[in-house]
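Residue-level structure breakdown
Residues per chain, in single letters:
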Amino acid sequence: MNAPSSDDVVGLDALVVGAGFSGLYLLHRLRSEGFNVRLVEASDGVGGVWQNNRYPGARVDSHVPNYELSLEAVWRDWTWTERFPGRDELVAYFDHVVTVLDLARDIDLDTRVAAARFDESTHRWSVTTDGRGYECRYLLLCTGFGSKAYTPDLPGLDTFAGVCHHSAHWPADGEPARSGRVGVIGTGASGVQIVQELAPVAAHLTVFQRSPVMAIPMRQRRLDPAEQTAAKDRYPEIFRRRNNSPSSFADIERLDISAFAVSDAERTAIYDEAWHKGGFHFWAGTFNDILIDERANLTAYQYWRDHVRQRIDDPSTAALLAPTEPPYPFGTKRPSLEQTFYDLFNQPNIDLVDLRATPIETITPTGIRTTAGDIELDLLVLATGFDANTGGLTAIDIRDRHDRSLTERWSAGVNTHLGVAVDGFPNMLFLYGPQSATAFCNGPVCAEFQGDWVTDLLIRLRERGHTMFDVDPTTGPEWSAHLALIADATLLGRTDSWYMAANVPGKPRQLLNYPSPGMYTDRLRQCAADGYDGFRFGSAS
Ligand code: FAD
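Definitions and limits used
Residues numbered from 1 in each chain as written. Predicted model: local features only at pLDDT ≥ 70, side-chain atom pairs only at ≥ 80, totals over all residues. Heavy atoms only, no water. Helix = DSSP H or I, 4+ residues; strand = E, 2+ residues; numbered from the N terminus. Rg over C-alpha atoms; globule rule 2.2 N^0.38 Å. Buried < 20%, exposed > 50% of the residue type's maximum accessible area, 1.4 Å probe, protein only. Contact = heavy atoms within 4.5 Å. Areas by Shrake-Rupley, 256 points an atom, 1.4 Å probe, with all protein chains shown as cover. Disulfide = S-S within 2.5 Å. Axes fitted to C-alpha atoms, helices over the stretch in contact; angles between N-to-C directions. Parallel < 35°, antiparallel > 145°, perpendicular 65-115°, else oblique. Nonpolar A, V, L, I, M, F, W, Y, C, P; charged D, E, K, R; others polar. Core = buried A, V, L, I, M, F, W, Y, C linked by side-chain atoms within 4.5 Å. Salt bridge = Lys/Arg side-chain N within 4 Å of Asp/Glu carboxyl O. Near = heavy atom within 4 Å. Polar contact = N/O pair within 3.5 Å; in protein donor to acceptor, adjacent residues only side chain to side chain. Pairing = 2+ DSSP bridges. Expected span 1.5 Å × (residues − 1). Arc of directions from axis to C-beta. Phe/Tyr/Trp six-rings, centres within 6.5 Å; stacked < 30°, edge-to-face > 60°. Lys NZ or Arg CZ within 6 Å of the ring centre and 35° of its normal.

**Some points on the overall build of the protein chain**
In terms of regular secondary structure, the protein chain is built from 17 helices and 20 strands. For the protein chain, whose C-alpha radius of gyration is 23 Å, the value lies close to the compact-globule estimate of 24 Å for 541 residues. Seen along its three principal axes, the alpha-carbon backbone of the protein chain occupies a region of about 75 × 55 × 50 Å. Residues counted as buried form 58% of the 541 residues belonging to the protein chain. For the protein chain, the share of sequence-separated contacts (at least 6 apart) that also reach a separation of at least 24 residues comes to 73%. Surface accessibility of the protein chain: about 21,400 Å² in total, with carbon and sulfur atoms responsible for 49%.

**Considerations on unusual backbone geometry**
It is generally the case that most residues other than glycine have a negative phi and that most peptide bonds are trans. Residue P65 is reached from V64 by a cis peptide bond, and omega for that bond is 5°. Along the chain, P65 falls in the loop between α2 (49–52) and α3 (72–75). Non-glycine residue T438 carries a positive phi angle of around 30°. Its identity as a non-glycine residue notwithstanding, Y532 has a phi of 60°, on the positive side. Mapped onto the fold, Y532 is located in the loop between α17 (517–529) and β20 (535–538).

**What about the state of the cysteines?**
Each disulfide is one covalent bond, formed between the sulfur atoms of two cysteines. Applying the stated criterion to the full structure yields 1 disulfide. One disulfide in the model links C441 with C446; its S-S distance is 2.3 Å. Between C441 and C446 the sulfur-sulfur dihedral comes to about 105°; the bridge is accordingly right-handed. Classification of C441 as buried rests on a relative accessible area of 4%. C446 sits in the buried class, given a relative accessible area of 2%. For C142, which is in no disulfide, the shortest distance to another cysteine sulfur is to C136 and amounts to 12 Å. Residue classification places C142 among the buried positions, given a relative accessible area of 7%.

**Remarks on the packing of helix α15 (residues 443–464) against α17**
The N-to-C vectors of α15 and α17 enclose an angle of 10°; their axes lie 11 Å apart at closest approach. Relative to α17, the element α15 is oriented roughly parallel. Contacts between α15 and α17 pair F449, Q450 and W453 from the former with Y520, T521, L524, R525, C527 and A528 from the latter. Of the residues in the contact of α15 with α17, the class split is 6 nonpolar, 2 polar and 1 charged.

**Topic: the nonpolar core**
Judged by nonpolar contacts, the single largest core of 128 residues is most densely connected at L140, L205, F282, W304, F330 and F535. Tallying contributions element by element places α15 first for this core, with 10 residues.

**Focus: the pattern of salt bridges**
Summed over the entire model, instances satisfying the criterion amount to 40 salt bridges. A salt bridge links K277 to E273, with the shortest nitrogen-to-oxygen separation between them at 3.3 Å. You can see K277 and its partner E273 sitting in helix α8 (residues 264–277), 4 residues apart, about one turn around the helix. A relative accessible area of 38% places K277 in the partly exposed class. Several salt bridges share partner residues, and in doing so they unite R31, R38, D102, R105, D106, D108 and R132 into one network.

**Let's talk about the site of the ligand**
In the vicinity of the ligand there are 33 residues, among which S22, E41, D61, Y67 and G443 approach most closely. Interatomic distance of 3.5 Å between a backbone N/O atom of C142 and an oxygen atom of the ligand. Compared with its free state, where it exposes 980 Å², the ligand has 95% of that area covered by protein. Listing elements by their share of the shell around the ligand, those giving two or more residues are α1 (21–32) and α2.

**A look at the sheet that holds strand β15 (residues 373–376)**
Spatially, 3 strands are ordered β13-β14-β15 in an open sheet, and the strand pairing comes out antiparallel. Edge positions in the sheet fall to β13 (360–364) and β15, since each has one partner strand and no second. Each strand of the sheet is rotated relative to its neighbour by a mean of 20°, with strand direction disregarded. As defined by bridge partners, β13 adjoins strand β14 (residues 367–370) across 4 bridges and the pair is classed as antiparallel.

**As for the sheet that holds strand β8 (residues 181–185)**
The 5 strands lie next to each other as β7-β16-β8-β9-β12, forming an open sheet whose pairing is parallel. Every interior strand has two partners, whereas the edge strands, β7 (163–166) and β12 (350–354), have only one. Averaged over all pairs of adjacent strands, the angle between strand axes in this sheet comes to 15°, irrespective of strand direction. Contacts from helix α5 (residues 189–198) reach β8, β9 (204–209), β12 and β16 (379–382), with the element oriented near 165° to β8.

**Brief notes about the pairing of β12**
With respect to burial, β12 is a largely interior element, 4 of its 5 residues being buried. Two strands pair when backbone bridges link them, and β9 and β12 are joined in this way by 5 bridges, in the parallel orientation. For T206, the partnering residue across the bridge sits in β12 and is D351.

**Considerations on α8**
Under the 1.5 Å per step criterion, the end-to-end length of α8 is 20 Å for 14 residues, consistent within 8% with the ideal 20 Å. All buried positions along α8 are accounted for by R267, Y271, A274 and W275. Relative to the axis of α8, the buried residues are bounded by an arc of 100° and lie together on one face. Among the exposed residues of α8, those pointing more than 90 degrees away from its buried face are A265 and H276. Looking at the buried side of α8, the elements it contacts are β10 (216–217), α9 (281–284) and α10 (294–309). Looking at the residues trailing α8, positive phi occurs at G278, about 80°.

**Remarks on the packing of aromatic side chains**
The final tally for this structure, using the stated rule, is 40 aromatic pairs. Relative to Y499, the ring of W498 lies with its centre 4.7 Å away and its plane at 55°, an arrangement referred to as tilted. Summarising the aromatic geometry, the rings of Y532 and F535 are spaced 6.2 Å apart at their centres and angled 85° between planes, so their arrangement reads as edge-to-face. Taking relative accessible area as the criterion, F535 reaches 9% and is therefore assigned buried. What links up through ring pairs into an aromatic cluster is the set F145, F249, F280, W283, Y432, F440, W498 and Y499. Between the NZ or CZ atom of R295 and the centre of the ring of F260, over which it lies, the distance is 4.3 Å.

Written out as structure tokens, the structure is:
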């Protein structure tokens, strides 16, 4: 990393880090309000997770038109080809966003932020990248919840002589060894999508499963451009509903009744309807006690299990993919959406290895050795997810007023004020990060809501002549305690998931995402209405 000379340092009101939904929207909003702002992005293109995740089959699980910005200038001339768009189409969409909003002139690509220090006398951040230096009043981190891949400590991994890719680091030039012997470790969203793509073309594919994914039907379909054009008259209303919906989807709403407030037949009819609609309906669009009451949850699990099992010929494979008893409450891990995942296990070229029964002993030069024997592989896929929520932030060497890094500050557990700020890190905010609704929130909805909230805060500081804000040290522990109560009051706290920071060894176990986008946005709105409760403001002398 080169220390930039003072001639190379760019002076700004605000530096936005990350060119996904959050960063691009914030750049647009702040620039429209007259702030001198630039955006830096580590990758060579925009789109955030969609730029970076190039694995075969990568596609979004939020259906059209939920997963796009609600700005008319952007949606008016854009049409999608599929109800759940794939990665390449999403990247093209982000290029469209940049063009329509004329953002490119304020974006520096291939620029990774490495470190940041706050100057107490000027109330400004000095930011070091792998190129130019930046100096800004406000440091706005839009680094996403999944920008740092997680690879488990698998013995012998570096000895593997075949091709090995983490799903988040798939090479741009496509998937090699299509017809070879493929092994996929991990059955989260990326694992499911990769299996669906590679099983039909691989000579042999082995899925290594630790715990079963409870994948629900996507119901993908092609979209007719004329149908979308006709629907655009309703887009303002659709986006208004989406942005104010408790679920952050225009057309998914939890029923305000218990699973036991209806007869068995009525309950099945409600599950049937959600199942056939596809997408997240079966997760977020049924009874209000599914994520709260174990018995209610069991009714959803049993429906899911029985429908999945119908598709799998071999009873022992069916029992591993959809066990009789729930391995964890339904929906407490993020359900993946699937199209053909379960049917593929009827193909002769696909095997399932249960890592609970036969754990991996070591990776060998030729494949994987489990306690049951060796499996030879040409391509090893690590669909092992992310250092979710915190990894993108802690990867940057940002120091607080006492020279402590975020990693140090969060070593015993994450503490934030409302999932946007940390005491002792003045003039720094982060979006779509830990302790906000994040992974429970349909991406663009939280990007727009938090982007507007941050913009309003910076306008207020400008209007009042303040040059600095910080948050009270009591705010972090209070917000963490509130999230801990939610974890205990729901079924979420019972499951080892990345919502609970339980996928990466050593991370303190705690609920890192606020499970209701609607309630979360209400809290942020209330904070602003109360004069930015928990915030303190100051001015440089
Ligand atoms: P991101 O899109 O993650 O963008 C962050 C950007 O910051 C990245 O471009 C990264 O390169 C950059 N960056 C990170 N660190 C630095 C640094 N130090 N310096 C410079 N740049 C940096 N959400 C949904 O609502 N529906 C879905 O179906 C869905 N599917 C997903 C599938 C996958 C595989 C993943 C990983 C996420 C998915 N998400 C989904 C969540 C997704 O993160 C959000 O929808 C949305 O993309 C968040 O946008 P963002 O701008 O906050 O972050």
